[in-house]
Amino acid sequence: MAIPMYGQNKAGDDIDVYGRGKVNIIANGGSTVTLTGEDSGSYCLFDTAGASQFNLPAPVAGLQFTFVTTVTATADHVIATNTLNTDGFLGGVVACSTGASADSFSADADGSNDHITLNGSTTGGLAGTRIHVACIDGENWAVDGQIVSSGTSATCFGDAQL
């Protein structure tokens, strides 16, 4: 069997594409999107100003997702856990306000918060907001990120949609 020349492959260039670290993109389009374990590692885009929601899959340690707001919200952009009141968020976000202030907010330490609501003003959701979640133990999602807000920033974490 001959050794292929550098840069050649017989896999339709898939090796080249995935070898450069490209990730899967999931655009919301103003709907409710339920993610699956197969979507882990994806960048999930809030790509419309209207109401949008991503539902996380059942928690399995190692799953992770990054949520990015590409269009400032005029209605709630929501990230929700799969099994409400059973799994939740741990961690926090840093808020940068267009009103020249900064703050930080954390989810309840007991993991009871199972909604992140970005309202396009005080709780984030302006274009550039980025939130990363990773399931750490089959029950809880570690969260970190930066939210871009306007006015006086407020927490985006809640036991229900804010």
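All figures in this text were calculated on a predicted structure; none of them were measured in a lab.

**Describing the overall build of the protein chain**
- For the protein chain, the count of helices and strands is one helix and twelve strands.
- In the protein chain, the order of α-helices and β-strands from amino to carboxyl end is α-β-β-β-β-β-β-β-β-β-β-β-β.
- Here the protein chain holds 162 residues, and the buried ones make up 40% of them.

**Some thoughts on the environment of Gly30**
- Within the secondary structure layout, Gly30 lies in the loop between strand 1 (25-27) and strand 2 (32-34).
- Non-local contacts of Gly30, meaning those with residues more than four positions away in its chain, are made with Asp47, Thr48, Ala51 and Ser52.

**Section: the environment of Thr81**
- Inspection of the secondary structure assignment puts Thr81 in the loop between strand 6 (77-80) and strand 7 (88-97).
- Each C-alpha atom, one on Thr81 and one on Pro59, is 8.3 Å from the other, the two residues being 22 residues apart in sequence.
- Residue contacts for Thr81: discarding those within four places in its chain leaves Leu56, Asp87, Gly88, Phe89, Asp114 and Trp141.

**Observations regarding a nonpolar patch on the surface**
- Together, Val23, Ile25 and Tyr43 make up an exposed nonpolar region whose accessible area comes to about 260 Å².
- On the basis of relative accessibility, which here comes to 33%, the residue Tyr43 falls in the partly exposed class.

**Describing the sheet that holds strand 1**
- The mixed open sheet is built from seven strands, whose spatial order is 1-3-5-10-11-7-8. Unpaired on one side and paired on the other, strand 1 and strand 8 (102-106) mark the two borders of the sheet. With direction set aside, neighbouring strand axes in the sheet form an average angle of 15°.
- Summarising the sheet, strand 7 and strand 11 (residues 140-149) pair through eight bridges and their orientation is parallel. Along strand 11, the bridge assignment pairs Gly91 with Val143.

**Notes on the pattern of salt bridges**
- All chains considered together, the criterion is met by one salt bridge.
- Across the pair Asp144 and Arg130 runs a salt bridge, and its minimum N-O distance is 4.0 Å. In this pair, Asp144 is assigned in strand 11 and Arg130 in strand 10 (residues 130-135), connecting sequence segments 14 residues apart.
- Judged by its relative accessible area of 36%, Asp144 is partly exposed.
- For Arg130, a relative accessible area of 25% translates into the label partly exposed.

**Re the sheet that holds strand 4 (residues 52-55)**
- In space, the five strands of this open sheet follow the order 2-4-6-9-12, with mixed pairing throughout. The outermost strands of the open sheet, each flanked by one partner alone, are strand 2 and strand 12 (157-158).
- Of the strand pairs in this sheet, strand 4 and strand 6 are connected by four bridges, and their pairing is parallel. Across the sheet, Asn55 pairs through a bridge with Ala80, a residue of strand 6.

**Here's the deal with the environment of Ser31**
- Within the fold, Ser31 resides in the loop between strand 1 and strand 2.
- Through-space distance from the C-alpha of Ser31 to that of His77 is 9.8 Å; in sequence the pair is 46 residues apart.
- Setting aside its immediate chain neighbours within four residues, Ser31 contacts Ala51, Ser52 and Gln53.

The rules behind these values
Residues numbered from 1 in each chain as written. Predicted model: local features only at pLDDT ≥ 70, side-chain atom pairs only at ≥ 80, totals over all residues. Heavy atoms only, no water. Helix = DSSP H or I, 4+ residues; strand = E, 2+ residues; numbered from the N terminus. Buried < 20%, exposed > 50% of the residue type's maximum accessible area, 1.4 Å probe, protein only. Contact = heavy atoms within 4.5 Å. Patch = residues over 30% accessible without salt bridge, like charges linked within 9 Å, V, L, I, M, F, W, Y side chains within 5 Å. Areas by Shrake-Rupley, 256 points an atom, 1.4 Å probe, with all protein chains shown as cover. Salt bridge = Lys/Arg side-chain N within 4 Å of Asp/Glu carboxyl O. Pairing = 2+ DSSP bridges. Axes fitted to C-alpha atoms, helices over the stretch in contact; angles between N-to-C directions.

Keep in mind these numbers describe shape, not what the thing actually does.
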